[in-house]
Structure formats: C-alpha cells, structure tokens
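Topology and contacts: notes
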Amino acid sequence: MFSIFIFDPNTERWWAKVQGRYIPSTCRALADRVEAKQPADWTIECPHTDRLVLTVSFDENYEDLARLRANIYRSMANNLKKFSRFANPETLQNLAVFEIFMVHDNIKVWGQTDGQAMVQLRNLKTKDKIAKHLELTVKVKETGK
C-alpha cells in the first residue's frame, strides 16, 4: 500500500500543498479563492508565490484563421475580465506576474500582465475602455499557423 501511495502522481501535489501551507503565497490564495468558481476549461497553476498561470482550452473550430484568431483574442479578454471579477482585489493587486495561455489545436496565444492591471480591469465597463486597457497592459505572443 505504501508503494502505491509513493508512486501515485497525486502524492507529489499533496506533499507540495502540505509543505507549502505555512509559506505565504499570493498565487495560492488567489487560486483557492477562484477554484470554486472557475469554469471547467480553466487550469490554474502556481509555479512561484507571486506568479499565477491560467491555461484555458479553446475548443471552437473555424475554417477561417482570421476569425479563429479574433475569437481566441476575444475569449482571452473575457477570461481575463472573468478572473479579475472572481479574485479578491486586495490579494490580486499584490500578484507580480499573471500569465494566460489560450490553447487551441491550431494556435496558441500567451498573454502576460500583472495584478494591479487586473484590478483596474475589474472596474472597467465599456468595450472600448477594456480594449484600450488590455492593449496597454497585456503583452501577447502567438504561436501556430
């Protein structure tokens, strides 16, 4: 039984969680807060105490690559806004690095921002203001076709 416990992949995650319980972590506090509300296509990782990585699977298919790119960027903006609304703003403003990966079979889009920009995004209401804010605060790279 002990060897099954040792070689189980979940055991490593369990030990990391137990050992990291007393180390203050902005990322883990945000992940715990958002975990109950997150959609099924989100995966949240905490590679460091002040860095959060959100991976979103994008399953919609389009024949036109330009339309696919437009929709994946729109989904990225919507997921950033959604995360900022789910998270506690007092904790979110202390996050140094927020990364989002939009994963599709044909294209992958990576975006990076910080917690203070996410808190500002939380309070924006109109599409124009949101688009301008994201243009100024989010670095984006794209790989694929």
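In this report, we go over the structure that sits alongside the text. These numbers were taken from a predicted model, which means no experiment stands behind them.

It is worth spelling out the overall build of the protein chain at this point. Scanning the protein chain from N- to C-terminus turns up 7 helices and 5 strands. Counting from the amino terminus, the protein chain carries its helices and strands in the arrangement α-α-α-β-β-α-α-β-β-α-α-β. Along the three orthogonal principal directions, the C-alpha set of the protein chain runs to about 55 × 35 × 25 Å. Relative to its 145 residues, the protein chain shows a buried fraction of 34%. When contacts within the protein chain are restricted to residue pairs at least 6 apart in sequence, those whose partners lie at least 24 apart make up 60%. For the protein chain, the computed accessible surface area is about 9,600 Å², with 52% contributed by carbon and sulfur atoms.

This part is about the pattern of salt bridges. For the structure on display, the rule yields 2 salt bridges. Two residues, Arg51 and Glu99, come together in a salt bridge whose shortest N-O distance is 3.0 Å. With Arg51 in strand 2 (residues 51-57) and Glu99 in strand 3 (residues 97-103), this residue pair connects regions lying 48 residues apart in the sequence. Taking relative accessible area as the criterion, Arg51 reaches 30% and is therefore assigned partly exposed.

So, about the nonpolar core. The biggest cluster of nonpolar side chains holds 30 residues, and the ones touching the most others in it are Leu80, Phe83 and Phe98. Elements with a contribution of two residues or more to this core: helix 3 (26-35), strand 2, helix 4 (65-86), strand 3, strand 4 (107-113), helix 6 (115-122) and helix 7 (127-137). If one sorts the elements of this core by residue count, helix 4 sits on top with 7 residues. Excluding anything up to four places from it in sequence, Leu80 contacts Phe98, Ile100, Met118, Leu121, Leu134 and Val138.

For the rest of this paragraph, the subject is the environment of Tyr62. Following the sequence through the fold, Tyr62 ends up in the loop between strand 2 and helix 4. With relative accessibility at 22%, the residue Tyr62 sits in the partly exposed group. Here the alpha-carbon distance between Tyr62 and Leu124, two residues 62 residues apart in the chain, equals 30 Å. Residue contacts for Tyr62: discarding those within four places in its chain leaves Arg67, Leu68 and Asn71. Within the structure, the side chain of Tyr62 is placed 3.0 Å from the side chain of Asn71, a separation counted as a polar contact.

The next subject is the packing of aromatic side chains. Per the counting criterion, the structure on display carries 3 aromatic pairs. Aromatic pair Trp42 and Phe83: ring centres 6.0 Å apart, planes at 40°, arrangement tilted. Of this pair, Trp42 sits in strand 1 (residues 42-48) while Phe83 is found in helix 4, placing the two residues 41 residues apart along the sequence. The two residues Trp42 and Phe83 agree in class, both being buried.

Bridging between strand 1 and strand 2 involves 5 bridges; their strand directions are antiparallel. When the bridges of strand 2 are listed, Thr43 appears paired with Thr55. Hairpin connection from strand 1 to strand 2: 2 residues lie between these consecutive antiparallel strands.

How each quantity is defined
Sequence order as written defines residue numbering, which begins from 1 separately in each chain. With pLDDT at 70 or above as the cut-off, local features in this predicted model cover only qualifying residues; side-chain atom pairs require 80 or more to be listed or tallied, and sums for whole chains, interfaces and linings still use all residues. Based on all heavy atoms of the structure, the side-chain values leave hydrogens and waters out of the count. Secondary structure follows DSSP: runs of H or I at least 4 residues long count as helices, runs of E at least 2 residues long count as strands, and numbering of each begins at the N terminus. Three labels apply to residues, based on accessible area from a 1.4 Å probe with only protein chains included: buried if under 20% of the type maximum, exposed if over 50%, partly exposed otherwise in between. When checking whether two residues touch, look at their non-hydrogen atoms; a contact exists if any pair is within 4.5 Å. Method for areas: the Shrake-Rupley scheme with a 1.4 Å probe, in which residue coverage is limited to the protein chains shown. Salt bridges are counted wherever a side-chain nitrogen of Lys or Arg sits within 4 Å of a carboxyl oxygen of Asp or Glu. As used in this record, nonpolar core signifies buried Ala, Val, Leu, Ile, Met, Phe, Trp, Tyr and Cys residues forming a set joined through side-chain atoms within 4.5 Å. Any N or O atom pair separated by 3.5 Å or less is treated as a polar contact, with the protein-specific requirement of one donor-capable and one acceptor-capable atom, and with residues adjacent in sequence counted only for side-chain atom pairs. Put simply, two rings from Phe, Tyr or Trp (the six-membered ring, in Trp's case) pair if the centres are within 6.5 Å, and we call them stacked under 30 degrees between planes, edge-to-face over 60, tilted for the rest. By definition, two strands form a pair when at least two bridges between them are found by DSSP.

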